[in-house]
Structure formats: C-alpha cells, structure tokens
Amino acid sequence: MTKPKNVLFIMFDQLRWDYLSCAGHPHLHTPNIDALAAEGVRFSRTYVQSPICGSSRMSFYTGRYVHSHGATWNRVPLKVGERTMGDHLRDAGMDCWLVGKTHMKADDEGMERLGIPRDTVIGARVEQCGFDVWERDDGMRPEGPDGFYDPKGAETYNTYLRDKGYDSANPWHDYANSGRNKDDPEEMASGWFLKNSRKAAVVENDDSETPYMTSRAIEFMAQADDTPWCLHLSYIKPHWPYIAPAPYNDVYGPEHVIPVVRDPREQQEAHPVYKAFMEGRVGKAFSRNEVREAVIPAYMGLIKQCDDQMGRLFQWLKDNGRWDDTLIVVTSDHGDYLGDHWMGEKDLFHEPSVKVPLIIRDPSKAADGTRGTVCDELVEAIDLAPTFLDYAGGEAKPHILEGRSLKPWLHGETPDWRDFAISEYDYSQKAEASMLAATPSQARLFMVADANWKFMHAEGLRCQLFDLQNDPDELVDLWDSPDHCDIIKLMYDRLANWAIRQSQRTTKSDAEILAKGSGSGGLGVVLGVYDETEIALPVTQFYRGKPRPGPSQ
C-alpha cells in the first residue's frame, strides 16, 4: 500500500507507560500489544499535555495545548469554535467516529448564545467534541446523595446489562464494578472500596466494559462503507474502580507487584504542591502497602484483559481485510502513580503520571524500515491530530494544530524536531488548592522536559528540577542546587518563549499572510504618499483626473 485508508485510534484510560511487557514490565504479559509494537514504532517518550482525563483528551482531539484550547480540567467545557480532529479530517474526506469515552463537556452557554441546535448534525458534533457518535460512554456512573456524577454516564451500557439479566438501579456499579461478599452473597463489595479490588466483579467477562466496547467497535467497522474513517476506540479501563471480572481478578497477586519508587527524602523536602497531594486521602492510601497489594494486581488484571481484547480486535481486522489498510494507534490519556512518590492517581508530572505509551503501526511499505523500532524523541499528545491529517492527505494547518506529524519518524525520516515538551495542570478545583490557599489563577503548574531534565514551575511557589539521566526515578529535587542555576534559567526561558508563541490566530495561516504581502495599494489604500509621482500610476488611477460617472439608475 502507498498509504493506509483508515485510522483506528485506540486509547486506554489511566494506562501507565511501563505497564506493558514491551516496555519492560517483568510480570505483566501483553503479547498482542507487543506484537503491534513489533510491526510498528513504539515512541518511548510521549508526554500528555495535562495529566488529567478531560484536559488531556481535549489536547489529543484539538492538537492544541491546554493553554490554547482552555479546557483546563475535567468538565471544563471546550469552547464553541475550537476545531477538533473530526473537523480537520472531514475536510480531507475522512469520517471521524467515536466508540467509548471523551470526557468532553459541551459549551452549553456558547451553543445557546449562538443558537446551535443539538438535534442537527453540526450541533451534535459541536456537543460531542467533533465526533460522530456510534456510542459514547465515559464509563462513569457513580451516584451519591446529590445524584449522579454524570447523569448520562454508561446509559447504553446499563441498558445492555439489564437486557442480559443484570437487573438493578445501576448495573454499571452493582455488577460491572462490584464483587460480592462471601458471608452474604447478596451484599455488594463495591469497587470503590480498595479492599475489594482482588474480588471478581459480578459481571461475566464477556459482558464487562472492555469486551463490550470491543464489540461495539467491531459493529461499527463491520457496517462501514468505502468512505475512509477514523474510529476513536476509547476504553474506560484500567481506570478505577479497580476491580476486574474473573479470571482477570486472579491472574496476578502481591508477588507480582513491582517495588515502589519513593524515598523518605521526598516527604521531608517536598515541594508545597506535591506535599499537599501526598497528604491528601488518595496519596495517604497509596502510601500503604496493603493498598498497593490489593489494587495493583487488579490493575494488572484489567490491563491483561485489555490486551486480550486487542488480540480479538486485531484478529477481526485481519479476517476482514482491514489489517493492511488501517493505521493503528495505541495510547493512553495519562498514567497512574500507584503509590510511587507517595501518591496515587495522576495529576502531577512524575513519569508514571505524565508519560504514556504510544505505539503506531503503519501498514504501508514506506514504514517497513522502522518496524519493531523504538523512537526516543520527545513526542506530545498533540502530535496525533496532525499525524492523522497527514495520513488523510489533508493540508497541514500549523496555525491551528500545534503538534507535528509523526509520519516522518514512521517512514524512517529525521525531521526537524522539538527540543522540549510541555505539560500543564490546573489544580484550582482540587482540595489541594484550598490546602495551599491558592486562588484559581494561582493554582497552575507547568512542566518543561527535555532529554536530560524535567522542570516544574508552580505559580507563586518555588520550582522543581530533576536530572533524568542520573536520577531517572525523579527522587532528588535540584531546585536549590547552585550548580544547576543555568539549567533552571534555560527552562524558564523555554517556558517564556513557549508562552508568547502565536497560538490564538487560528483563522488565517502564515502562508495566507505571506501570500498577501505588505500590500501593493491595489485595493486603494495609499498611505504616506505626498503626490502621485511617488507611487506607481496604476495604483492611483481612480484618484486622478475627473470623477467617473456614477452607475446608471
């Protein structure tokens, strides 16, 4: 093939970069994802633009930094008018569909103000992050005294479960994300309680969330016509609740939990923001060995299930003629601390949180020379949107898409590339901001990382610096080292240069501006001219002589 016809964009939620056997995990075996890496390129230094679901995904989908698109945290709307990969790909003749999660919050006020009806094709796309929706399922239907976290979360999946006989008010929770207590089989053992992580979810494996989403993706591809498509298959797992159906709940045990990466010095000399997160409920929980030994085997089991579903999906592609005409991408929206650095969840900038797996298989002959290789260049999540546009044959749009196409790396070329990567985090809606008495405008963090160093700027607070070559586990903060003042200055200079880049002029490209030039006066503007001899006579032809007759009545 000269180029793939379709794009299968697979995203797992909260999958750490190093929890794959092809990335070196000693116990977790992921043969199907490994096989994809053996036929493609594994990008070993891929950073998300924000280590939290919503804002990270908005950067994936828009190809723009959080600083540019403005959706800085979960449930912060992506403003109306922000173009997404669906918009760009349709311009190039490729459809763009969704199966699974986006975590996108629609700009309801903006849609209302502009009179955009939701029951139109355009309105639906604006509301759904630019995708045509085969099935959206953000995988979150928790319920508390104040109601549902997401009133529409897992609605279709809940209907599916009830049709399969899992009858309750909320099958997503009661069956798919809960086990049962041995002493009372009727009583739930909720996946929200970490002590239950090793229990088997009540739901049968085939009816659990990951196989369900795989089936929905296959249904989409089976009915697709000859129009090129990009399918965003966005899985919910291995994101919490950490509970897996049998047999995956019992594949791994505490003996498979790799040693935790942390040091008492991190607590003793903690940066104020990191200290606040360490001392939060999640940080304290994952600092306990009993929690790690309960959660991590379940997390690994969920990943094993994900890999088995990749085997099922890839086999369908091969059996149905799609394997050799489809660009396949596997990645994640962020990682998971799992107790490293005395923390759980994501949110901050250590490698387990901000770095993600990225594997791309290009079936075309042009990619034969890179199969099975590892690319160590600095890649950002925003690079995928321009990559897909490049493969779709669309015109590059660097005035909108701030990432860079990865196609040259896949084809064995060496393009001019970035020297550093950026990530951002707005923690203003977290309890930690209140602990620090930080206002919403202060509760901001920025990361600058290159091949050797990782730097973090915290608004109103001191910075951080880690030597990634000599301290790859990021245990020693060099912020006050007199020997590293020049490195800190370099990182601040990079952050400043990045902050003043041209990022908001998205309606006119540099090429359009250059094509227009400085203006010849052909449109009648002749500023600074004393008399007609100072400028080409044709330019002033309407400003000399007698007035021309007006139009006939």
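Preceding this paragraph is the structure being described.
Residues numbered from 1 in each chain as written. Predicted model: local features only at pLDDT ≥ 70, side-chain atom pairs only at ≥ 80, totals over all residues. Heavy atoms only, no water.

A few words now on the overall build of the chain. Within the chain one finds 19 helices and 19 strands. Compactness check: the chain gives a C-alpha radius of gyration of 26 Å against a globular reference of 24 Å for 553 residues, within 12% of the reference. Oriented by its inertia axes, the alpha-carbon framework of the chain measures out at about 105 × 65 × 55 Å. Per-residue burial for the chain yields a buried fraction of 56% across its 553 residues. Sequence separation of 24 or more characterises 71% of the internal contacts of the chain that already satisfy a separation of 6 or more. With 61 positive and 86 negative side-chain charges, the chain shows a spacing of 3 Å between the two charge centroids. (Helix = DSSP H or I, 4+ residues; strand = E, 2+ residues; numbered from the N terminus. Rg over C-alpha atoms; globule rule 2.2 N^0.38 Å. Buried < 20%, exposed > 50% of the residue type's maximum accessible area, 1.4 Å probe, protein only. Contact = heavy atoms within 4.5 Å. Lys, Arg positive; Asp, Glu negative; His and termini not counted. Charge placed at Lys NZ, Arg CZ, Asp CG, Glu CD.)

Where helix 9 (residues 209–223) contacts helix 13 (residues 289–319), the two axes come as close as 10 Å, and the packing angle between them is 15°. Relative to helix 13, helix 9 is oriented roughly parallel. When the axes of helix 9 and helix 13 are compared, the crossing they make is right-handed. Residues Thr210, Pro211, Thr214, Ser215, Ile218, Met221 and Ala222 of helix 9 form the contact with helix 13, whose own contacting residues are Gln305, Cys306, Gln309, Arg312, Leu313, Trp316 and Leu317. Across the contact of helix 9 with helix 13, the residue classes break down as eight nonpolar, five polar and one charged. (Axes fitted to C-alpha atoms, helices over the stretch in contact; angles between N-to-C directions. Parallel < 35°, antiparallel > 145°, perpendicular 65-115°, else oblique. Left-handed = near helix turned anticlockwise from the far one by under 90°. Nonpolar A, V, L, I, M, F, W, Y, C, P; charged D, E, K, R; others polar.)

The next point concerns the packing of aromatic side chains. In total, this model carries 22 aromatic pairs according to the counting rule given. Seen from their ring centres, Trp97 and Phe220 are 5.4 Å apart, and the 40° between their planes marks the pair as tilted. With Trp97 in strand 3 (residues 95–100) and Phe220 in helix 9, this residue pair connects regions lying 123 residues apart in the sequence. With centroids separated by 6.2 Å and ring planes inclined at 65°, the aromatic side chains of Tyr242 and Phe286 adopt a geometry described as edge-to-face. Remark: Phe286 occurs in helix 12 (residues 281–286) and Tyr242 occurs in the loop between strand 10 (229–238) and strand 11 (244–245); sequence separation between them is 44 residues. The class of Tyr242 is buried, set by a relative accessible area of 3%. The buried category is assigned to Phe286, whose relative accessible area is 4%. Connected via pairs of aromatic rings, a cluster forms that spans Tyr19, Tyr242, Phe286 and Tyr299. The ring centre of Trp417 lies 5.8 Å from the NZ or CZ of Arg404, which sits over that ring. (Phe/Tyr/Trp six-rings, centres within 6.5 Å; stacked < 30°, edge-to-face > 60°. Lys NZ or Arg CZ within 6 Å of the ring centre and 35° of its normal.)

We now examine the sheet that holds strand 19 (residues 464–467). The strand order 16-17-18-19 describes an open sheet built from four strands, whose pairing is antiparallel. A single partner strand is all that each edge strand has here, and the edge strands are strand 16 (421–426) and strand 19. Taking the axes of each pair of neighbouring strands and ignoring which way they run, one obtains an average angle of 15° across the sheet. Strands strand 16, strand 17 (444–449), strand 18 (453–458) and strand 19 of the sheet are contacted by helix 18 (residues 485–499), whose axis makes an angle of about 65° with strand 18. (Pairing = 2+ DSSP bridges.)

One can describe the packing of helix 1 (residues 31–38) onto helix 13 by two numbers: an axis separation of 7 Å at closest approach and a directional angle of 55°. Comparing the axis directions of helix 1 and helix 13 gives the class oblique. For the pair formed by helix 1 and helix 13, the contact residues are Pro31, Asn32, Ile33 and Leu36 on the first element and Lys304, Asp307, Asp308, Met310, Gly311 and Phe314 on the second.

Turning our attention to a negative patch on the surface. Among the surface-exposed residues, Asp183, Asp184, Glu186 and Glu187 lie close enough to one another that they form a single negatively charged patch. Locating Glu186 in the fold gives a position in the loop between strand 7 (178–180) and strand 8 (188–190). A relative accessible area of 71% places Glu186 in the exposed class. (Patch = residues over 30% accessible without salt bridge, like charges linked within 9 Å, V, L, I, M, F, W, Y side chains within 5 Å. Areas by Shrake-Rupley, 256 points an atom, 1.4 Å probe, with all protein chains shown as cover. Salt bridge = Lys/Arg side-chain N within 4 Å of Asp/Glu carboxyl O.)

This brings us to helix 13. Compared with the 45 Å implied by 1.5 Å per residue over 31 residues, the 45 Å span of helix 13 between its first and last C-alpha is a close match. Within helix 13, 23 of the 31 residues are buried, which leaves it mostly tucked inside the rest of the structure. Gly321 occupies a position one or two residues after helix 13 and carries a positive phi of about 75°. (Expected span 1.5 Å × (residues − 1).)

For helix 2 (residues 53–62), a buried count of ten out of ten residues is recorded, marking the element as mostly surrounded by other parts of the structure. Buried residues of helix 2: Cys53, Gly54, Ser55, Ser56, Arg57, Met58, Ser59, Phe60, Tyr61 and Thr62, and no others. Contact partners of the buried residues in helix 2: strand 1 (6–13), helix 3 (66–69), helix 4 (85–91), strand 10, strand 12 (326–332) and helix 15 (384–392).

Before going further, it helps to examine unusual backbone geometry. Following Trp240, the chain continues into Pro241 via a peptide bond in cis, with omega recorded as 0°. Structurally, the position occupied by Pro241 is in the loop between strand 10 and strand 11. Residue Ala246 is joined to Pro247 through a cis peptide bond whose omega torsion reads 5°. Tracing the backbone shows Pro247 in the loop between strand 11 and helix 10 (264–268). Unusually for a residue other than glycine, Glu345 sits at a positive phi of about 65°. The topology assignment puts Glu345 in the loop between strand 12 and helix 14 (351–354).

This part covers the pairing of strand 2 (residues 41–47). For strand 2, a buried count of seven out of seven residues is recorded, marking the element as mostly surrounded by other parts of the structure. Bridge count for strand 2 against strand 14 (residues 358–361) is two bridges, and the pairing is antiparallel. Across the sheet, Arg42 pairs through a bridge with Ile359, a residue of strand 14. Direction of pairing for strand 2 relative to strand 15 (residues 373–380): parallel, over a ladder of six bridges. For Thr46, the partnering residue across the bridge sits in strand 15 and is Val379. Summarising the sheet, strand 2 and strand 13 (residues 355–356) pair through two bridges and their orientation is antiparallel.

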